[in-house]
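Chain by chain, the residues:
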Amino acid sequence: MPLNWSPLKWTDKPQLPKAEGRIAAIDLARGIAIGLMIISHSVSGLVGIRNVPDWGMVPVHFLTKFSSSLFIVVFGIALAVAFLSHTQSDDWPKRRLKLWLRAVEVWFWYKALLVIEMLPFYSPSEIVDALLYGRFAIWVEILGFYAIALLWVPLILPLWARAPLWSRLATIGGLTALTIWLQSLTFGGNDILKALLVDHEDHYTWGQISRAPMILVGLLIGEALLRCYFDSAKRRRLVLALLGLGALMVAGFYALAFISGDVHAAMLAVANNVGKHPPGLEFMLFSLGGALVLLALALAGGAKAAKALLPLTMVGSDALKAFIFHIVMIFLVLRFLWEGEGMYTYPQALGVGGLLILGAAAWIWLTRWMANHR
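Residues numbered from 1 in each chain as written. Predicted model: local features only at pLDDT ≥ 70, side-chain atom pairs only at ≥ 80, totals over all residues. Heavy atoms only, no water.

Our next topic: the overall build of the protein. When its secondary structure is counted, the protein shows 15 helices and two strands. For a compact globule of 374 residues, the expected C-alpha radius of gyration is about 21 Å, and the protein comes in at 20 Å, within 12% of that figure. With the C-alpha coordinates aligned to their principal axes, the bounding extent of the protein is approximately 65 × 60 × 45 Å. Scored against the burial criterion, the 374 residues of the protein give a buried share of 51%. Intrachain contacts of the protein at a sequence separation of at least 6 include 80% that bridge at least 24 residues. Surface exposure of the protein reaches about 17,400 Å², of which carbon and sulfur atoms provide 68%. Charge centroids of the protein, computed over 30 positive and 22 negative side chains, lie 12 Å from each other. (Helix = DSSP H or I, 4+ residues; strand = E, 2+ residues; numbered from the N terminus. Rg over C-alpha atoms; globule rule 2.2 N^0.38 Å. Buried < 20%, exposed > 50% of the residue type's maximum accessible area, 1.4 Å probe, protein only. Contact = heavy atoms within 4.5 Å. Areas by Shrake-Rupley, 256 points an atom, 1.4 Å probe, with all protein chains shown as cover. Lys, Arg positive; Asp, Glu negative; His and termini not counted. Charge placed at Lys NZ, Arg CZ, Asp CG, Glu CD.)

What follows is the structure in structure tokens.
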């Protein structure tokens, strides 16, 4: 049957192409997300947000808010590229098991890094309480989100692969509406459960239901990428669609900020994570919109941009290892062992963040080199 495809519409469902090797642009996009995260964590972990100068909050810290949305969307893209085309094959149970084993690995590192983050300021009983989901940390909680997501996403991938586009879009809309409704409930006073499902304003963690729409958007983009990445004309249309949608969302944020009467205050609120947990309209317009713009630019640059920005691409090629490296360096080495919290100026913390990006890239390269020469 003939294929008639555009970035926004499938009129047929042919066999999904399989990716041959890694797509460097995806690694670059993920690396940009992690790089922004490392910069943000270096500043908040070593300087503290209250001590950041005005010019550091807007525009520098403000722009790092693209990171979390880009990271989650690329998570969905990577799953689509690597696994979606295999969901109807005989080896799918083996591949599904691989994802579940990855969930166990991510969960282990989440708990290990949680201890490292909390060491300087919390008692052993408080750390144990966090290990048992009695409370949450801050900087490492994104790993906890991915560990749980890697348990349920493999279960829905075969259904997603067979579903028509309208039902996928309806699912994304339905989950968004469900999140809004669940946010109005008290969950019987169980704030931990609410935080795990739909975020909670008193806990810096990521809800599975509230963030699921972004994963599913990533799955849509990932499938589109498989269908058109190696066709320059189709890839250009996809890039323009992502760029246009992202720019429209960012423009929507600024429109709301202008209506509020104080654009700078709206930007400062985003920089201070207002509307991040739980996700609010203004924050998500800016964060997700900016993420789509960065993703479009990475896809437009392709392999050439990935090579030119090799440290970021290297970091994005092994996100877990990069995450472990920067948490250990910031919270165990610099903040705990060297007692460096409050000892750095804001420009110095930015410099530390830049060095940690390069250090993470070097560590990933070195460990691969060692593995290849055993």
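Okay, back to it.
Here we take up the environment of L312. With respect to the helices, strands and loops of the structure, L312 is situated in helix 13 (residues 310-317). Separated by 46 residues in sequence, L312 and L358 have C-alpha atoms that sit 8.1 Å apart. Filtering out sequence-adjacent residues up to four positions away, L312 remains in contact with D27, L28, G31, I32, G35 and I357.

Moving on: the layout of surface pockets. Of the volumes computed, that of the largest pocket is approximately 1,100 Å³. In terms of lining residues, the largest pocket is bounded by 30 residues, among which R22, R30, A78, A82 and F83 are the most central. Per-element accounting of the lining of the largest pocket gives the leading share, seven residues, to helix 3 (residues 66-83). (1 Å grid on protein atoms, 1.4 Å probe; cavity = no way out; pocket = protein on both sides within 12 Å on 5 of 7 lines; lining within 4 Å. Points joined across faces, edges and corners; volume = space filled by probe spheres on them.)

Turning next to the packing of aromatic side chains. According to the stated counting rule, one finds 14 aromatic pairs in the structure shown. Considering the side-chain rings of W55 and Y346, the 5.1 Å spacing of their centres and the 80° angle between planes classify their relative orientation as edge-to-face. Taken together, the residues span a long stretch of sequence, with W55 in helix 2 (residues 54-63) and Y346 in helix 15 (residues 346-372) at a distance of 291 residues. According to the relative accessible area criterion, Y346 is buried, its value standing at 4%. Arranged with centres 5.3 Å apart and planes meeting at 55°, the rings of F253 and F286 form a pair that is tilted. Taken as a pair, F253 in helix 10 (residues 232-260) and F286 in helix 12 (residues 281-308) lie far apart in primary sequence, 33 residues in all. A single burial state applies to F253 and to F286, both of which are buried. Here the aromatic residues F62, F66, F253, Y254 and F286 are joined through ring pairs into a cluster of three or more. Above the plane of the ring of Y133 lies K111, whose end atom (NZ or CZ) is 3.7 Å from the centre. The cationic tip of R235 hangs over the ring face of Y229; the distance from NZ or CZ to the ring centre is 4.7 Å. (Phe/Tyr/Trp six-rings, centres within 6.5 Å; stacked < 30°, edge-to-face > 60°. Lys NZ or Arg CZ within 6 Å of the ring centre and 35° of its normal.)

Along the chain, V58 connects to P59 via a cis peptide bond; the corresponding omega equals 20°. Residue P278 is bonded to the preceding H277 through a cis peptide linkage, with omega at -5°. Structurally, P278 is set in the loop between helix 11 (263-271) and helix 12. Phi angles above zero are rare outside glycine, and N273 is one such case at about 70°. Its location among the elements puts N273 in the loop between helix 11 and helix 12.

Here we come to the packing of helix 6 (residues 141-162) against helix 9 (residues 208-228). The interhelical angle for the contact between helix 6 and helix 9, taken along N-to-C directions, is 50°, at an axis separation of 11 Å. Overall, the two elements helix 6 and helix 9 adopt an arrangement that is oblique. As helix 6 packs across helix 9, the resulting crossing turns out to be right-handed. Residues F145, I148, A149, W152, V153, I156, L157 and W160 of helix 6 form the contact with helix 9, whose own contacting residues are Q208, R211, A212, I215, L216, L219 and L220. Residue classes in the contact of helix 6 with helix 9 are distributed as 13 nonpolar, one polar and one charged. (Axes fitted to C-alpha atoms, helices over the stretch in contact; angles between N-to-C directions. Parallel < 35°, antiparallel > 145°, perpendicular 65-115°, else oblique. Left-handed = near helix turned anticlockwise from the far one by under 90°. Nonpolar A, V, L, I, M, F, W, Y, C, P; charged D, E, K, R; others polar.)

Right, let's talk about empty space enclosed by the protein for a bit. Enumeration over the complete set of coordinates arrives at one cavity of 30 Å³ or more. Taken together, Y110, Y133, E141, G144, F145, I148, L196, T205, W206 and Q208 make up the full set of residues lining the largest cavity.

Within the secondary structure layout, D199 lies in the loop between helix 8 (191-198) and helix 9. A distance of 2.7 Å separates a polar atom in the side chain of D199 from a polar atom in the side chain of H277. When near neighbours in sequence (up to four residues on either side) are disregarded, D199 contacts Q183, K194, T205, W206, G207, S210, R211, K276, H277, P278 and P279. (Polar contact = N/O pair within 3.5 Å; in protein donor to acceptor, adjacent residues only side chain to side chain.)

Moving on: the side chain of H200. Tracing the backbone shows H200 in the loop between helix 8 and helix 9. When its relative accessible area of 5% is taken as the criterion, H200 is described as buried. Within the structure, H200 has its side chain in polar contact with the backbone nitrogen of D202 (distance 2.9 Å). Look past the residues within four positions of H200 in its chain and what remains in contact with it is D191, K194, A195, H277 and P278.

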